[in-house]
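# Breakdown of the fold
Read off the chains here:
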Amino acid sequence: MKLKQSLIIALALFIVGITAWELFWRSEGFYPTLDDNEALWAEQRFRVEKASSNSILLLGSSRVLFDMQLDEWETETGIRPIQLAFVGSSPLPIFHDVVNNTNFNGTIVVGVTPGLFFSSTSPDKDSWKSPQSKVDFYKKRTYAQMSNHILSLPLQKNFAFISEDQGVDGVKLKELLGKINVGDRVVDSMPLFHEFGEIELDRNLTMKPITVTDTAYANSIIRVWQFFGKKAASGPPPDKASTMAFFLKDLEIFKARGGHVILVRCPSSGSLRAGENMGVPRVKFWDDLVNEAKVKSYHFEDYNQLKDLICPEESHLSAKDAKYFTKELVKIMKADGALTNLKTN
């Protein structure tokens with residue numbers, strides 16, 4: 001009898017504790033969101049195994065995630081792309097994986113964010129390590145990990161405190177403890193970085209409205225880009241030779257089996273765009289890549305309907321502009337014959 005009472009009391013305390021913790025974070029402005037982790041990415045990578053020659057893959061960094069909207073792409077083409085882009089990543093490791101570890105021979109859209117695409121082929125660099133870790137997870141994931149991911153989704157969708165966000169928006173115990181200044185603990189010099197995107201199960205991602213409506217919020221993200229820009233300027237220069245050689249080698253393999261690649265340069269603006277013009281100028285990087293790759297290529301600056309788009313935090317489009325950008329970009333591609341085998345009603 002006492003055991004039963006103890007269990008009931010323990011369960012009641014657990015429910016009260018969980019409810020109080022959830023209500024606290026809700027009161028702080030947090031709400032349930034999905035984590036864009038390796039497990040979510042792996043679900044989309046698995047779809048490539050069964051993809052046909054009519055399928056479209058999206059590769060790149062966060063600009064491809066934010067700027068290419070799957071609903072609009074599907075509306076314009078009848079095909080919903082498989083989103084494999086990942087934040088802060090070079091597209092080269094994932095492109096290499098698809099080319100060398102699958103039989104896929106459809107269309108791959110590769111987003112070129114110059115500072116990441118041309119950064120390095122060194123496995124120790126974050127721009128390479130991050131996407132490679134997703135590929136490695138996919139290859140080695142267990143049934144237990146897949147089950148854990150499936151079971152976690154209802155929790156992520158309903159509880160604000162179930163989150164893997166890091167930094168200023170982190171609510172995990174590890175993140176909370178890391179924010180406490182104790183003794184001589186070294187404080188991270190990187191400015192506070194907000195998570196400013198919301199992702200769906202198929203990894204369609206949109207910018208949070210606050211990034212557009214709150215200038216201070218957007219400026220806090222701009223300061224992070226400036227921090228990374230200064231860090232890059234003081235480090236080794238972009239490794240254009242090795243990155244281009246690596247990509248072009250895989251590109252030839254993919255072309256040989258009937259695959260098609262489209263290169264896209266998504267918008268950036270403000271001081272970030274000015275920094276890109278200085279550090280990775282178009283004529284020396286994008287233009288050289290296009291000339292060597294000999295594939296359909298689209299730079300936002302070349303089109304009147306795209307060149308004046310403004311990014312709220314200088315690097316990614318708002319949800320509204322991303323929808324517009326996707327529609328217009330697909331129309332341009334279709335008119336140019338870059339997209340073939342489109343589905344029709």
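In short, a report on the structure. All of these numbers come straight from a predicted model, not from anything done at the bench.

### Regarding a nonpolar patch on the surface
Residues Leu11, Phe14 and Ile15 make up a contiguous nonpolar surface patch of roughly 320 Å² in combined accessible area. When you line up the elements, Phe14 lands in helix α1 (residues 2-27).

### A look at the side chain of Ser55
Inspection of the secondary structure assignment puts Ser55 in the loop between α2 (38-48) and β1 (56-59). On the accessibility criterion, Ser55 (15% relative accessible area) is buried. Setting aside anything within four residues of it in sequence, one finds Ser55 in contact with Phe104, Gly106 and Thr107.

### Digging into the packing of helix α5 (residues 92-101) against helix α12 (residues 240-256)
Packed helices, taken two at a time, are described by the angle between their axes plus the distance between the axes. Where α5 contacts α12, the two axes come as close as 10 Å, and the packing angle between them is 25°. Considered as vectors, α5 and α12 are oriented roughly parallel to each other. Crossing angle aside, the handedness with which α5 passes α12 is left-handed. Here Leu92, Phe95, His96, Val99 and Asn100 of α5 lie close against α12, whose contacting residues are Thr243, Phe246, Phe247, Asp250, Leu251, Ile253 and Phe254. Partitioning the contact of α5 with α12 into residue classes produces 8 nonpolar, 3 polar and 1 charged.

### What to know about the sheet that holds strand β3 (residues 107-111)
Ordered by their spatial adjacency, 5 strands build an open sheet running β2-β1-β3-β6-β7, and the pairing between neighbours is parallel. The open sheet has two edge strands with one neighbour each: β2 (82-83) and β7 (296-299). The sheet contact formed by strand β6 (residues 260-265) and β7 spans 4 bridges and is parallel. Residue pairing in the sheet places Leu263 in a bridge with Ser297 of β7. Strands in contact with α12 are β3 and β6; relative to β6, the strand with the most contacts, it is inclined by about 140°. Lying on the sheet, helix α15 (residues 319-335) is in contact with β6 and β7; it crosses β6 at an angle near 135°.

Analysis parameters
Residues numbered from 1 in each chain as written. Predicted model: local features only at pLDDT ≥ 70, side-chain atom pairs only at ≥ 80, totals over all residues. Heavy atoms only, no water. Patch = residues over 30% accessible without salt bridge, like charges linked within 9 Å, V, L, I, M, F, W, Y side chains within 5 Å. Areas by Shrake-Rupley, 256 points an atom, 1.4 Å probe, with all protein chains shown as cover. Salt bridge = Lys/Arg side-chain N within 4 Å of Asp/Glu carboxyl O. Helix = DSSP H or I, 4+ residues; strand = E, 2+ residues; numbered from the N terminus. Buried < 20%, exposed > 50% of the residue type's maximum accessible area, 1.4 Å probe, protein only. Contact = heavy atoms within 4.5 Å. Axes fitted to C-alpha atoms, helices over the stretch in contact; angles between N-to-C directions. Parallel < 35°, antiparallel > 145°, perpendicular 65-115°, else oblique. Left-handed = near helix turned anticlockwise from the far one by under 90°. Nonpolar A, V, L, I, M, F, W, Y, C, P; charged D, E, K, R; others polar. Pairing = 2+ DSSP bridges.

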